[in-house]
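This is what each chain is made of:
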Amino acid sequence: MITTVTLNAAIDKTYSVKSFEMDRVSRVTDMIAVPGGKGINVARVARLLGEPVTAAGFVAGFNGQFIRSGLDTEGISHDFTEVPGESRLCLTVLDADNGTQTELLEPGPVIAENSLLTLKEKVKELAGRSTHVCFSGSLPLGCPPSLYAELITLAREAGAEAVLDASGDALAAGLEAMPLLIKPNEHEIVRLLGRPASSDDDLAACIRELMQRGIRHVVVSLGARGALAGSSGRVRRVAIPAIRAVNPVGSGDAMVAGMVTALRQGRSDADVVRFGAACGSANALQKQAGVVTDEDVERIFRDITVTDY
Ligand SMILES: Nc1ncnc2c1ncn2[C@@H]1O[C@H](COP(=O)(O)OP(=O)(O)O)[C@@H](O)[C@H]1O
Ligand SMILES: O=P(O)(O)OC[C@H]1O[C@](O)(COP(=O)(O)O)[C@@H](O)[C@@H]1O
């Protein structure tokens, strides 16, 4: 099984708007509201790919009920820790005319010490039944930056491999526990290493540095440019075909889901990133974040090339 941990679960709401403008009234032409937050998106895509999953993390309030019942409707198994307050709303405004996606992310509930203890027990228990635990997304208020490192260590002690998709201090501190795989995007890796990366050579040097620290898979996703991926000491370029992207929100999560699925299937390092990138691009073809179809994934996979960098 794959367990996903979303500490700041959300309702992901997507508004389609014609010619979105600041300081103006905009009428919404189409609306989607689904359980979201990075780890939940990973769970949805992994399940669509045929993997057994459980989504865990914190939920709160009416939005938390929406998240649980939405997952029930989708048939995604979940085991969340309820906390006081209200789970957040993450809003994406899609403007097809201008080709923009604008995101507004609420902060979410404040997590108390006793809820952290409950969550740690839950992660230990789920990790004992999982091959991989994916830790994804920002830390809600009340969670110390060291939390991912603690959870990764617990997961590994329980027998599961850990994947970390986070940013800022949460990513920096989480690295101390040596997750199996990290998937920063360009901005996240630059911030992590605290130096500019103005070329792919610079990014490759960052990837090598992180592999030397002991992270086996360091995959830097580059949006429509594909990815630069380090695995077991080698850096590879992942070149993807041009597509007509509809909404790339959630593509990073779909990529993580694809890579974990491929790792579980024992695919080669090159095919792990190739399959992950195919899932990321397939997600960008959908209006809803965190959704792929098998047909899109397989078609795009065939058109992706992975070469030594
Ligand atoms: N506009 C796009 N066109 C094609 N593929 C995309 C696009 N945006 C993302 N992807 C795919 O999804 C992967 C992850 O997307 P990216 O935007 O880099 O992640 P994140 O959402 O974490 O910032 C990319 O490596 C790529 O394969
Ligand atoms: O937990 P964070 O980092 O605040 O991010 C939350 C947001 O990330 C998303 O999961 C999208 O992430 P990606 O585009 O990086 O895959 C949204 O669905 C969600 O609203």
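See above for the structure.
About the criteria used
- Every residue gets a number counted from 1 within its own chain, in the order that chain's sequence is written.
- Each chain takes a letter, starting from A, and each ligand takes a number, starting from 1, following the order in which they are written.
- For this predicted model, a pLDDT threshold of at least 70 governs which residues receive local features, and a threshold of 80 or more governs which side-chain atom pairs are given and counted, while totals over whole chains, interfaces and linings are taken from all residues.
- Only hydrogens and water are set aside when side-chain values are computed; all heavy atoms of the structure are taken into account.
- Helix and strand definitions here come from DSSP, where helices need a minimum of 4 consecutive H or I residues and strands a minimum of 2 consecutive E residues; each element is numbered from the N-terminal end.
- Type-normalised accessible area, obtained with a 1.4 Å probe on protein chains alone, sets the label of each residue: buried when under 20%, exposed when over 50%, and partly exposed for intermediate values.
- Any two residues whose heavy atoms approach within 4.5 Å are treated as being in contact.
- A single heavy atom is enough: if one lies within 4 Å of a molecule or strand, its residue is considered near that molecule or strand.
- Whenever a nitrogen or oxygen atom comes within 3.5 Å of another N or O atom, the pair is scored as a polar contact, on the condition that within protein one atom can donate a hydrogen and the other can accept it, and that pairs from neighbouring residues in sequence are kept only if both atoms are in side chains.
- Per-residue and other accessible areas follow the Shrake-Rupley method at a 1.4 Å probe size, with only the shown protein chains counted as cover for residues.
- Under the convention adopted here, Pro, Cys and the residues Ala, Val, Leu, Ile, Met, Phe, Trp and Tyr are nonpolar, Asp, Glu, Lys and Arg are charged, and Gly plus all remaining residues are polar.
- Note on pairing: DSSP must find at least two bridges between two strands before they are called paired.
- Angles shown run from 0 to 180 degrees and are taken between the N-to-C directions of axes, each axis being a line fitted to C-alpha atoms and, for helices, limited to the stretch in contact.
- Throughout, disulfides are identified as pairs of cysteine sulfur atoms within 2.5 Å of each other.

### Thoughts on the environment of Val297
As for its position among the elements, Val297 is in helix α10 (residues 294-302). Judged by relative accessible area, which is 1%, Val297 ranks as buried. Other than its neighbours up to four places away in sequence, Val297 contacts Phe275, Ala278, Cys279, Ala282 and Val292.

### Considering the site of ligand 1
As a structural note, the neighbourhood of ligand 1 is formed by 17 residues, with Asn185, Ser221, Gly223, Gly226 and Ser281 the closest of them. Here an oxygen atom of ligand 1 sits 3.1 Å away from a polar atom, N or O, in the side chain of Lys183. One of the side-chain nitrogen or oxygen atoms of Ser221 is found 2.8 Å away from an oxygen atom of ligand 1. Taken by itself ligand 1 offers 550 Å² of open surface, and the protein chains cover 85% of this. Taken together, the elements giving at least two residues each to the shell around ligand 1 come down to α8 (251-264) and α9 (269-284). When its residues are assigned to classes, the shell around ligand 1 shows 8 nonpolar, 8 polar and 1 charged.

### Remarks on the side chain of His132
Note on placement: His132 falls in strand β8 (residues 132-136). Residue classification places His132 among the buried residues on the basis of a relative accessible area of 7%. One polar contact links His132 to Thr131, side chain to side chain, over a distance of 2.8 Å. If sequence neighbours within four positions are ignored, His132 has contacts with Met1, Ile2, Thr3, Ala160, Glu161, Leu180, Val260, Leu263 and Arg264.

### Describing the sheet that holds strand β10 (residues 181-182)
With respect to topology, 10 strands assemble into an open sheet ordered β5-β4-β1-β8-β9-β10-β11-β12-β13-β14, the strand pairing being mixed. Looking along the sheet, the strands with just one partner apiece sit at the ends: β5 (78-82) and β14 (305-308). Two strands pair when backbone bridges link them, and strand β9 (residues 161-165) and β10 are joined in this way by 2 bridges, in the parallel orientation. Across the sheet, the residue bridging to Val163 is Leu181, located in β10. Along the sheet, helix α7 (residues 200-212) makes contact with β10, β11 (217-221), β12 (227-231) and β13 (234-239), crossing β12 at roughly 25°.

### Considering the site of ligand 2
Among the 14 residues in the neighbourhood of ligand 2, the closest are listed as Asp12, Arg88, Cys90, Gly250 and Asp253. Asp12 places a side-chain nitrogen or oxygen 2.4 Å from an oxygen atom of ligand 2. Asp253 is positioned with one of its side-chain polar atoms (N or O) 2.9 Å from an oxygen atom of ligand 2. Considering ligand 2 on its own, with 480 Å² of exposed area, one finds that the protein chains cover 85% of that surface. Looking at the shell around ligand 2, the elements that each hand over two or more residues are α1 (38-48), β6 (88-95) and α8.

### Notes on the state of the cysteines
Think of a disulfide as a covalent bridge from one cysteine sulfur atom to another cysteine sulfur atom. Using the criterion set out here, one finds 0 disulfides in the structure. Lacking any disulfide linkage, Cys134 is separated from the closest cysteine sulfur, that of Cys279, by 12 Å. We classify Cys134 as buried; its relative accessible area is 0%.

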